[in-house]
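# Examining the three-dimensional arrangement
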Amino acid sequence: MKPLIAGNWKMNGLKASLNEIEALGPAPAACDVLICPPATLIAAMAPAAARFGIATGGQDCHPDPSGAHTGDISAEMLKDAGARFVIVGHSERRADHGESDALVRAKAEAGLRAGLVPIVCVGETEIQRERGEAEAVVGGQLEGSLPKGDGFVIAYEPVWAIGAGRTPTLDDIAAMHAFIRKRTNERIRILYGGSVKPSNAKEILALPDVNGALVGGASLKAADFSAIIAAA
Ligand code: PEP
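Now for a description of the structure that goes with this document.

About the cut-offs
Residues numbered from 1 in each chain as written. Predicted model: local features only at pLDDT ≥ 70, side-chain atom pairs only at ≥ 80, totals over all residues. Heavy atoms only, no water. Axes fitted to C-alpha atoms, helices over the stretch in contact; angles between N-to-C directions. Helix = DSSP H or I, 4+ residues; strand = E, 2+ residues; numbered from the N terminus. Parallel < 35°, antiparallel > 145°, perpendicular 65-115°, else oblique. Left-handed = near helix turned anticlockwise from the far one by under 90°. Contact = heavy atoms within 4.5 Å. Nonpolar A, V, L, I, M, F, W, Y, C, P; charged D, E, K, R; others polar. Near = heavy atom within 4 Å. Polar contact = N/O pair within 3.5 Å; in protein donor to acceptor, adjacent residues only side chain to side chain. 1 Å grid on protein atoms, 1.4 Å probe; cavity = no way out; pocket = protein on both sides within 12 Å on 5 of 7 lines; lining within 4 Å. Sits in = over half its atoms within 2 Å of the grid points. Buried < 20%, exposed > 50% of the residue type's maximum accessible area, 1.4 Å probe, protein only. Pairing = 2+ DSSP bridges. Right-handed = clockwise from strand over helix to strand, strands pointing away. Points joined across faces, edges and corners; volume = space filled by probe spheres on them. Expected span 1.5 Å × (residues − 1). Core = buried A, V, L, I, M, F, W, Y, C linked by side-chain atoms within 4.5 Å.

The subject of this paragraph is the packing of helix H5 (residues 101-113) against helix H7 (residues 134-145). Taken N-terminus to C-terminus, the directions of H5 and H7 make an angle of 50°; their axes are 7 Å apart at the nearest point. Regarding the angle of H5 to H7, the classification is oblique. In the crossing of H5 with H7, the sense of the turn from one axis to the other is right-handed. Only Gly140, Gln141, Glu143, Gly144 and Ser145 of H7 make contact with H5, whose side of the interface consists of Asp101, Ala102, Val104, Arg105 and Ala108. A per-class count over the contact of H5 with H7 returns 3 nonpolar, 4 polar and 3 charged.

Printed below as a string of structure tokens:
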């Protein structure tokens with residue numbers, strides 16, 4: 001399966017950040033490359049990134065196509081702005097905005113309805129892992145958040161590894177990806193996310209059932225993101 005390396009810029013980036021695309025250069029044929037900038041940059045980034053074979057995505061969407069939802073953005077609007085993917089259920093949204101599995105599924109379904117590829121994020125907290133509940137938590141999130149069909153991507157992101165500079169062991173990543181694979185099918189890409197950087201990308205991306213990476217901090221610098229793409 002062709003790996004997908006996806007950058008999540010989170011709430012970072014102004015117009016000047018679009019220069020990072022030029023610095024990245026063309027995506028290699030062997031892997032798909034995606035950047036999810038803040039919504040304010042999608043329309044400007046999409047054509048610039050497309051010239052390099054790099055896709056653009058949103059970081060969230062509302063379940064409805066339009067309506068009285070001040071401050072929200074629909075999947076159709078992301079598509080209209082040039083997005084091809086949308087991240088849903090990122091742990092920062094689940095925590096900061098109290099997003100439930102049912103809401104995440106509704107957002108993923110909205111992404112599919114609009115012709116986007118949803119990237120559905122799941123992952124356990126540190127306490128849940130210490131209590132031996134990681135698989136039960138991730139299993140519940142998959143059960144509650146995944147849309148029907150197979151036009152989506154799953155990102156396994158242990159909450160305690162995001163932005164923390166530490167990752168699970170390779171054995172733990174492989175075990176969770178095998179667990180997720182058993183609950184999906186061979187056509188679904190399963191990304192690993194959580195402190196992926198140039199120094200650990202190669203060994204993580206070489207694990208079975210790791211079909212790419214969702215990269216936060218290291219996607220903000222073209223040199224680091226390029227090194228991760230090269231590792232794929
Ligand atoms: C993320 O926010 O999805 C993420 C994986 O962040 P980081 O790579 O910075 O841990």
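Once that is clear, we can look at the site of the ligand. Looking at the ligand, there are 14 residues lining it, with Lys10, Glu157, Gly163, Ser195 and Gly216 nearest. Contacts to the ligand include lysine 10, whose side-chain N or O atom sits 2.5 Å from an oxygen atom. Within the side chain of histidine 90, one N or O atom sits 2.9 Å away from an oxygen atom of the ligand. If you map the ligand onto the pockets, it falls in the second largest pocket.

Turning to the pairing of strand E6 (residues 153-156), a few remarks are in order. What you see with E6 is no split at all: Val153 and Ala155 on one side and Ile154 and Tyr156 on the other are buried throughout. The pairing of strand E5 (residues 117-122) with E6 spans 4 bridges and is classified as parallel. Pairing of cysteine 121 across the sheet is with alanine 155, part of E6. By the bridge criterion, 4 bridges tie E6 to strand E7 (residues 189-193) in an arrangement that is parallel. Opposite isoleucine 154, over in E7, you have isoleucine 190 as the bridge partner. In this region the chain leaves E6, passes through helix H8 (residues 170-182) and returns to the parallel neighbour E7; the handedness of that crossover is right-handed.

Turning next to the layout of surface pockets. Reported here for the largest pocket is a volume of approximately 560 Å³. Lining of the largest pocket is provided by 23 residues; of these, Lys10, Ala39, Gln59, Asp60 and Arg93 occupy positions nearest its centre. Mapped onto the lining of the largest pocket, the elements with two or more residues apiece are helix H2 (39-50) and helix H4 (91-96). Among the residues making up the lining of the largest pocket, the classes are represented as 9 nonpolar, 8 polar and 6 charged. Space inside the second largest pocket adds up to approximately 200 Å³. What lines the second largest pocket is a set of 16 residues, and nearest its centre among them are Gly163, Ser195, Val196, Gly216 and Gly217. Split into classes, the residues belonging to the lining of the second largest pocket amount to 5 nonpolar, 8 polar and 3 charged.

The end-to-end C-alpha distance of H8, which contains 13 residues, comes to 18 Å, matching closely the 18 Å that a straight helix rising 1.5 Å per residue would cover. Of the residues making up H8, those classed as buried are Ile173, Met176, His177, Phe179, Ile180 and Arg181. Buried-residue contacts for H8 involve E5, helix H6 (126-130), H7, E6, E7 and helix H9 (198-205).

Turning to the nonpolar core, a few remarks are in order. Inside soluble globular proteins, nonpolar side chains tend to come together where they are buried. Residues Ile5 and Ile180 are the most contacted members of the largest nonpolar core, which totals 56 residues. With residues near it in sequence (within four places) discarded, isoleucine 180 still touches Val122, Val138, Leu142, Ile154, Tyr156 and Ile190. Among the nonpolar cores identified, the runner-up in size contains 13 residues, and Ala6, Leu34, Phe85 and Ile87 belong to it.

Interpretation in functional terms is not warranted from these geometric data alone.
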